[in-house]
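In case you want the letters, here they are:
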Amino acid sequence: MALFSFNNIGISGMSGAVPKNVINNYEYDVFFPKEEIKEVVDKIGVKERRFADENTCASDLCYAAAEDLLNGMNVNRDEIDLLIFISQTPDYRMPATSILLQNRLGLSRSAIAFDISLGCSAFLYGLSVAYSMIASGAVKKALILDGETRSKVYSQKDRKTAFLFGDAGIAALIEKNDKFGTSWFSLNSDGEREDLIKIPAGGYRNMSSAETLKEKVVDEYGNMRSDEHGYMNGADVFNFVLREIPKDFKRLVEYAGVDTSTVDYFVFHQANQYINGLVAKKLKLADEKIPSTVHKYGNTSSVSIPLTIVSELKDKLNKHSRLLLCGFGVGLSWGTAIIDVDNCYVGNVVEV
Amino acid sequence: MKDKFITALAEALEMEDNEIKMEDTFRDYDTYDSLSELSILAMLDSDFGIELEMNEYNTYLTVGDLYKRVSSSK
């Protein structure tokens, strides 16, 4: 049971970045008629999202966010001794994108840099690793760069995923300070359900070939994709979220002994409006404490939690505030965290 | 109980109560698709406290099958 806590470590600043190319979902009738799209978009609540162009990677979005953050906070880059890049859309299969970003951002060669490959739960994992390395004394300042270009992962001819995902990146600075108090984490994994969300080919189990790139009709609705596109078994994922997320939420709250009335904001992974609304209803949470960006940025996988904080809480974190974060998705992997911020620097959502 | 179930199912499928019969194969309704399927799952969870795995849900074919599952869990 992965339940654990940290003392006096926290997020001192955050910035975000999104591609400037806005996709209006209601008008996105490239492969499907508008009336059919309207039904889907009304339900998932993704009115707009951002698509990176062919030359823009997750790392480029993170780089822009990091520059905004480090310049905005006037951080001495030599003091950053850990860089974690979180993504499932890295620049290359090797080397790790974090190493490229170390150089590009002008960080010290004595900095630790590595990637974490997880989806929608990943920001919580990144935080827990950065907190752990700071708690051990190995690291003083950590930079988490979390970016995704999910628009490049899913087939635009598969209506189960074509209207959900968008691209974004964020940067977060983590450091030690007595003002942060205690934070609590619950992290979970279930590989038995690996098939619910997957890109089946293009790795080393099913290597890329002419066959894996072939677009095929995959179901009775005529949806099309290749084996190198992502797919999502929506109904099973939906059931997983409705069942496990409220359970994990309650488990962590009980472990932490935190009264949920002391939580200022509940920031959920922005999966889609429908499922997020149902989870909030099940947990009986007040709407005004649940910031949301799914209407304008869509589902940006692991980026959606920190992006929502940067976008929606910009002028609200200048005092001591308590956040409950909840991420869930591909793996399956999910987690909940309760963290305090205190006069947190919140930069811009830069357009790239 | 039965009326409550029919009303909830009709709402999930955007149909009228009187259009739904116990012997109907619910996947054959015109309004049944992957979106309304989610509405049914959500309805079972929120209105009846039933969390169904898809492999179990997929074994239920008629409205009556689903109702039997709902009424037996109470």
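Computed from a prediction, not measured in an experiment: that's the story for all the values here.

### Regarding the overall build of chain B
Moving on, step 1. Along chain B, the regular secondary structure elements total four helices and zero strands.
Moving on, step 2. In terms of overall size, chain B behaves like a compact globule, its C-alpha atoms giving a radius of gyration of 11 Å where 74 residues would be expected to give roughly 11 Å.
Moving on, step 3. Relative to its full complement of 74 residues, chain B shows a buried share of 49%.
Moving on, step 4. Total accessible area computed for chain B in this model is approximately 3900 Å², and 45% of it derives from carbon and sulfur atoms.
Moving on, step 5. Positive and negative side-chain charges in chain B, numbering 7 and 18 respectively, have mean positions lying 9 Å apart.

### As for the sheet that holds strand β14 (residues 265-268) of chain A
Residues and elements named next belong to chain A.
Moving on, step 1. The strand order across the open sheet formed by five strands is β1-β9-β16-β15-β14, and the pairing between neighbours is mixed. For this open sheet the edge positions go to β1 (2-7) and β14, each flanked by a neighbour on one side alone. Along the sheet, successive strands turn relative to each other by an average axial angle of 20 degrees, direction set aside.
Moving on, step 2. The pairing of β1 with strand β9 (residues 182-189) spans six bridges and is classified as antiparallel. If you follow Asn7 over to β9, its bridge partner there is Thr182.
Moving on, step 3. Along the sheet face, helix α5 (residues 234-256) touches β1, β9, β14, β15 (320-329) and β16 (333-342) and points at about 45 degrees away from the line of β16.

### Re the packing of helix α1 (residues 2-12) of chain B against helix α2 (residues 34-48) of chain B
All names here are of chain B.
Moving on, step 1. Taken N-terminus to C-terminus, the directions of α1 and α2 make an angle of 145 degrees; their axes are 9 Å apart at the nearest point. Judged by the sense of rotation from one axis to the other, the crossing of α1 with α2 is right-handed. On α2, the residues touching Lys4, Phe5, Ala8, Leu9 and Ala12 of α1 are Ser36, Ser39, Ile40, Met43, Leu44, Asp47 and Phe48.

### A word on unusual backbone geometry
All names here are of chain A.
Moving on, step 1. Note the cis peptide between Met94 and Pro95, where omega equals 0 degrees.
Moving on, step 2. Here Pro95 shows up in the loop between β5 (80-86) and α3 (97-104).
Moving on, step 3. The step from Gly331 to Leu332 runs through a cis peptide bond, and the omega angle for that step is 0 degrees.
Moving on, step 4. Tracing the backbone through its elements, the reader meets Leu332 in the loop between β15 and β16.
Moving on, step 5. We note that Asn343 has phi near 50 degrees; this positive angle belongs to a residue other than glycine.
Moving on, step 6. You can see Asn343 is positioned in the loop between β16 and β17 (345-351).

### Quick look at the sheet that holds strand β2 (residues 9-18) of chain A
Residues and elements named next belong to chain A.
Moving on, step 1. With mixed pairing, the six strands of this open sheet are ordered in space as β6-β5-β7-β8-β2-β17. Both edges of this open sheet fall to β6 (112-116) and β17, since each of them pairs with a single strand only. Each strand of the sheet is rotated relative to its neighbour by a mean of 15 degrees, with strand direction disregarded.
Moving on, step 2. Pairing between β5 and β6: five bridges, direction parallel.

### So, the interface of chain A and chain B
Moving on, step 1. The interface is formed by 15 residues belonging to chain A together with 14 residues belonging to chain B.
Moving on, step 2. Carbon and sulfur atoms supply 54% of the area buried between chain A and chain B, which totals about 1300 Å² over both sides.
Moving on, step 3. The three residues of chain A that bury the most area against chain B are Lys43, Asn239 and Arg243 of chain A, which together make up 34% of that side's buried surface.
Moving on, step 4. Across the contact surface, chain A and chain B share four salt bridges.

The rules behind the values
- The residue numbers shown here count from 1 along each chain, following its written sequence.
- Whichever chain is written first becomes A and whichever ligand is written first becomes 1, with later ones labelled in order.
- Only residues with pLDDT of at least 70 get local features here, since the model is predicted, and only at 80 or more are side-chain atom pairs given and counted; chain-wide, interface and lining totals rely on the full set of residues.
- Note: side-chain values were computed over all heavy atoms of the structure, leaving out hydrogens and water.
- Strands here mean DSSP runs of E at least two residues long; helices mean DSSP runs of H or I at least four residues long; both are numbered from the N terminus.
- Our radius of gyration looks at C-alpha atoms and nothing else; its globule reference is 2.2 Å times the residue count to the power 0.38.
- The cut-offs for exposure are 20% and 50% of the maximum accessible area for each residue type, with area from a 1.4 Å probe on protein chains only; residues under the lower value are buried, those over the upper are exposed, and the others partly exposed.
- Only the protein chains shown count as cover for residues, with accessible areas throughout obtained via the Shrake-Rupley method and a probe of 1.4 Å.
- Charge counting treats Lys and Arg as positive and Asp and Glu as negative, with His and both chain ends excluded.
- Taken as the charge centre is NZ of Lys, CZ of Arg, CG of Asp or CD of Glu, depending on the residue.
- By the convention used here, strands pair only if DSSP detects at least 2 bridges between them.
- Helix axes use the C-alpha atoms of the stretch in contact, all axes being lines fitted to C-alpha atoms, and the angles between their N-to-C directions lie in the range 0 to 180 degrees.
- We call two residues in contact whenever any of their non-hydrogen atoms come within 4.5 Å of each other.
- What makes a crossing left-handed is the near helix being turned counterclockwise from the far one by less than a right angle; a clockwise turn instead makes it right-handed.
- Using a 1.4 Å probe, buried area is obtained as the accessible area two parts lose upon being combined, added over both of them.
- Here, a salt bridge means any Lys or Arg side-chain nitrogen found within 4 Å of an Asp or Glu carboxyl oxygen.

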